[in-house]
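Overview (structure and organization)
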Amino acid sequence: SEDLRGGTSSGKFPVMFSWGRSSSVDDVERYRRGYPGKKDDPKANENLRFYQNELKSKPKGDYVEEIHKKWYGDYRLLERHHGYIQWLFPIREKGMNWESQPLQMFEAKGIREDPKAMKRFVNSYRLMLDFYGMTLVNERTGEVARNTKNYEDQYENLEESSHNWLRVTRILKSLGEMELEHYKKPLLEHIIREMWRGHLRPCFRSLKDYWIPVVKSVEERGTLMAWLKSPPQPKEIKCPAETEKKKAEAEKAKAENEKDTTECEKGDTADVDSKANDPKARLAAFLRELLSNPDDATLRSLKPEILDQLDKDVQIALRNCGFCADDAGILSLPAGEKADEQVRSLLVSSLVPADSAKRIEDVAGESKTSAAPMAISTEATGQDPGASVESDDRS
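Residues numbered from 1 in each chain as written. Predicted model: local features only at pLDDT ≥ 70, side-chain atom pairs only at ≥ 80, totals over all residues. Heavy atoms only, no water.

Observations regarding the overall build of the protein chain
Here is the rule we go by: Put simply, DSSP H or I for four residues or longer makes a helix, DSSP E for two residues or longer makes a strand, and each gets a number counted from the N terminus. The buried label applies to any residue whose accessible area, calculated with a 1.4 Å probe on protein chains only, is under 20% of its type's maximum; exposed applies above 50%, and partly exposed to all values in between. Residues are treated as being in contact if the distance between any of their heavy atoms lies within 4.5 Å. For the accessible areas, the method is Shrake-Rupley and the probe is 1.4 Å, while residue cover comes only from the protein chains on display.
Across its full length, the protein chain carries 20 helices and five strands. When each of the 395 residues of the protein chain is scored for burial, the buried share is 44%. The contacts of the protein chain with a sequence gap of at least 6 include a subset with a gap of at least 24, amounting to 70%. Of the roughly 21400 Å² that the protein chain leaves accessible, carbon and sulfur atoms contribute 50%.

In structure tokens:
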């Protein structure tokens, strides 16, 4: 059956800059097993200092934040400079840059536990993805897509520049050291999809022998290998510009809908707003809701901001109605038919607006009894446990 081994987009056979299949197997096996027997050098801390923005990369390098600012999009520099990749993506193996050092485990831990350092590491990943004609769509999931602005030229550069294939291997290994293992599969899935579209075919052997094997999950490696023979299900190609456009359109439609709804309800809300600051109206609304939903225990309490604004005669009436405070000052309304009848009496009294009396008659026959009393928690309401209704003189 047809698979990705059938040639390349440029008509050339894939080329692999390697030192043998057996060597690659041993190399990835040591990586996946965490380099058994390899010990840290406690004095080697240059990778950590680099990602803390305290040390310049060598040779002819810069601080990591300056690299992100000044080197981003400078594809000529990123292609020809061979001394920065070991600093941006440190691994526990010695690289071709003798002025860099292998990553120590305590350094990796220090970078992972420093939010600023980890942000810089992700920005390094963004920089290299851009260099390869790709973009990080979702920082949480690691989803990767084409960079629609440059992918054609940068894909061609990646196809023809075999030393970048070695860089990709290093990047994948470094992602794992920084506990971004979940970034690997989305990157490789994107590359496989692009190969099925005719791009990046010269990278096939690197993909098969190095990139997929450094994925630590056996299940994910199997899935990726299967996709070399049969393409993954079609997937919409996303890019930040398209995503932002769709998001803006959705927000615009939502805003227009809310505007229409507001205009339709303008007459009703005007009347509500005129009563919003009337404590008695708020009390009436609360009591009506209580009688309409007597089984809802959360309604059998008064919020302090309502209680504190009521006149003392209303507060006393509430106590007469069945609301009571214990020694800790926790106010509760016992459940039951008698308590609800007292609530109705309060509603039809002169303590609340006249229109409340008529409204409560509509729900008078709908109340139900509740099984147990519900206390007003001072933790939930924020009310001072030492303050009772009678001692509150802020009204």
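After that view, the rundown keeps rolling.
Regarding empty space enclosed by the protein
We count it as follows: A cavity here means a set of points on a 1 Å grid, drawn over the protein atoms and nothing else, where a 1.4 Å probe fits but cannot get out; a pocket is an open set with protein on both sides within 12 Å along at least five of seven lines, and a residue lines either one if it has an atom within 4 Å of a point. Grid points are joined across faces, edges and corners, and a volume is the space filled by probe spheres set on the points.
In the structure shown here, the tally under the stated rule is three cavities of 30 Å³ or more. Here the second largest cavity is characterised by a volume of approximately 70 Å³. If you go around the second largest cavity, the residues you meet are Tyr-125, Met-128, Leu-129, Tyr-132, Met-134, Val-168, Ile-171, Leu-187 and Ile-191. For the lining of the second largest cavity, the secondary-structure elements that each account for two or more residues are helix 7 (115-131), helix 9 (163-177) and helix 10 (184-196).

Describing a negative patch on the surface
Applicable threshold: Patches were defined on residues exceeding 30% relative accessible area and lacking a salt bridge, with like-charge contacts within 9 Å and nonpolar side-chain contacts (Val, Leu, Ile, Met, Phe, Trp, Tyr) within 5 Å. Any carboxyl oxygen of Asp or Glu that lies within 4 Å of a side-chain nitrogen of Lys or Arg is treated as forming a salt bridge with it. Residues scored as positive are Lys and Arg, those scored as negative are Asp and Glu, and His as well as the terminal groups of each chain are ignored. The location of each charge is read from NZ of Lys, CZ of Arg, CG of Asp or CD of Glu.
On the surface, a cluster of negative charge is contributed by Glu-152, Asp-153, Glu-156 and Glu-160. Checked against the element boundaries, Glu-152 lands in helix 8 (residues 151-160).

Here's the deal with the pattern of salt bridges
Applying the stated rule across the entire model yields 16 salt bridges. Salt-bridge contacts for Glu-65 lead to Arg-120; the nearest nitrogen and oxygen are separated by 2.8 Å. Of this pair, Glu-65 sits in helix 3 (residues 64-70) while Arg-120 is found in helix 7, placing the two residues 55 residues apart along the sequence. Using a relative accessible area of 28% as the deciding quantity, one classes Glu-65 as partly exposed.

Things to note about the packing of helix 7 against helix 9
Note the threshold: To get an axis, a line is fitted to the C-alpha atoms, and for a helix only the part in contact is used. The angle between two axes follows their N-to-C directions and goes from 0 to 180 degrees. Roughly parallel covers angles under 35 degrees, roughly antiparallel covers those over 145, roughly perpendicular covers 65 to 115, and oblique covers all other angles. We call a crossing left-handed when the near helix sits turned anticlockwise from the far one by less than a right angle, and right-handed when that turn is clockwise. Gly counts as polar in this scheme, as do all residues outside two lists: the nonpolar Ala, Val, Leu, Ile, Met, Phe, Trp, Tyr, Cys and Pro, and the charged Asp, Glu, Lys and Arg.
Running from amino to carboxyl end, helix 7 crosses helix 9 at an angle of 155 degrees, the nearest separation of the two axes being 12 Å. Taken together, the axes of helix 7 and helix 9 lie roughly antiparallel to each other. Between helix 7 and helix 9 lies a crossing of left-handed hand. Facing helix 7, whose interface residues are Phe-121, Tyr-125, Met-128 and Phe-131, helix 9 presents Asn-164, Arg-167, Ile-171, Ser-174 and Leu-175. Across the contact of helix 7 with helix 9, the residue classes tally to six nonpolar, two polar and one charged.

Here's the deal with helix 10
We count it as follows: The span one expects for a helix is its residue count, reduced by one, times 1.5 Å.
If you check helix 10, its first and last C-alpha atoms are 19 Å apart, about what 13 residues at 1.5 Å a residue would give, namely 18 Å. Of all 13 residues in helix 10, 11 are buried, a share of seventy percent or more. Of all the residues in helix 10, the buried ones are Lys-184, Pro-186, Leu-187, Leu-188, Glu-189, His-190, Ile-191, Ile-192, Arg-193, Glu-194 and Met-195.

Some remarks on the packing of aromatic side chains
Heads up, the condition is: Side-chain rings of Phe, Tyr and Trp, where Trp is taken by its six-membered ring, are said to pair if the distance between their centres is within 6.5 Å; with planes under 30 degrees apart they count as stacked, over 60 as edge-to-face, and otherwise as tilted. By definition, being over a ring means that NZ of Lys or CZ of Arg is both within 6 Å of the ring centre and within 35 degrees of the ring normal.
What the rule picks out here adds up to 10 aromatic pairs. Where Tyr-51 meets Phe-121, the ring centres are 5.8 Å apart and the plane angle is 55 degrees; that geometry is what we call tilted. Taken together, the positions of Tyr-51 in helix 2 (residues 46-51) and Phe-121 in helix 7 put the pair 70 residues apart, joining distant regions of the chain. Taken together through their ring pairs, the aromatic side chains of Phe-50, Tyr-51, Trp-87, Phe-89 and Phe-121 make up a single cluster. The aromatic ring of Tyr-31 is capped on one face by Lys-216, whose charged end is 5.1 Å from the ring centroid.

Some details on unusual backbone geometry
In the segment running from Lys-58 into Pro-59, the intervening peptide bond is cis, with an omega of 0 degrees. Within the secondary structure, Pro-59 is located in the loop between helix 2 and helix 3. Here the phi dihedral of Tyr-35 falls at roughly 55 degrees; this positive angle occurs in a residue that is not glycine. Inspection of the secondary structure puts Tyr-35 in the loop between helix 1 (21-32) and helix 2. The backbone of Leu-200 sits at a positive phi, close to 60 degrees, despite the residue not being glycine. Considering the arrangement of structural elements, one finds Leu-200 in the loop between helix 10 and helix 11 (204-211).

Details of the nonpolar core
The test is simple: Only buried residues count toward a nonpolar core. Its members are Ala, Val, Leu, Ile, Met, Phe, Trp, Tyr and Cys residues joined through side-chain atoms within 4.5 Å.
Counting 61 residues, the largest nonpolar core has Leu-88, Tyr-125, Met-128, Met-134, Leu-188 and Trp-211 as its most contacted members. When residues of this core are assigned to their parent elements, the largest contribution, nine residues, is made by helix 7. Not counting the four nearest positions on each side in its chain, Met-128 is found in contact with Tyr-84, Ile-85, Phe-89 and Ile-171.

A closer look at helix 9
In an α-helix, one turn spans 3.6 residues; hence positions three or four apart end up facing the same way. Here helix 9 is 15 residues long and its end C-alpha atoms lie 22 Å apart, about the 21 Å a rise of 1.5 Å per residue gives. Positive backbone phi, approximately 60 degrees, marks Glu-179, located one or two places after helix 9.

Things to note about the confidence of the model for the protein chain
Atom-level detail of predicted coordinates should not be read off regions where pLDDT is low. As a reminder, the rule being used: Looking at any residue, its pLDDT shows the predictor's confidence there, from 0 to 100.
Scored by pLDDT, the protein chain has a mean of 77; 58% of the residues are at 70 or more. For the stretch residues 7-20, pLDDT sits under 50, and the model shows 25 contacts to residues farther than four places along the chain or on other chains. The low-confidence segment residues 353-395 (pLDDT under 50) makes 75 contacts with residues lying over four places distant or belonging to another chain.

Observations regarding the environment of Tyr-151
Along the chain, Tyr-151 turns up in helix 8. Accessibility expressed as a relative area gives 14% for Tyr-151, which makes it buried. Beyond its immediate sequence surroundings of up to four residues, Tyr-151 is in contact with Gly-133, Arg-146 and His-199.

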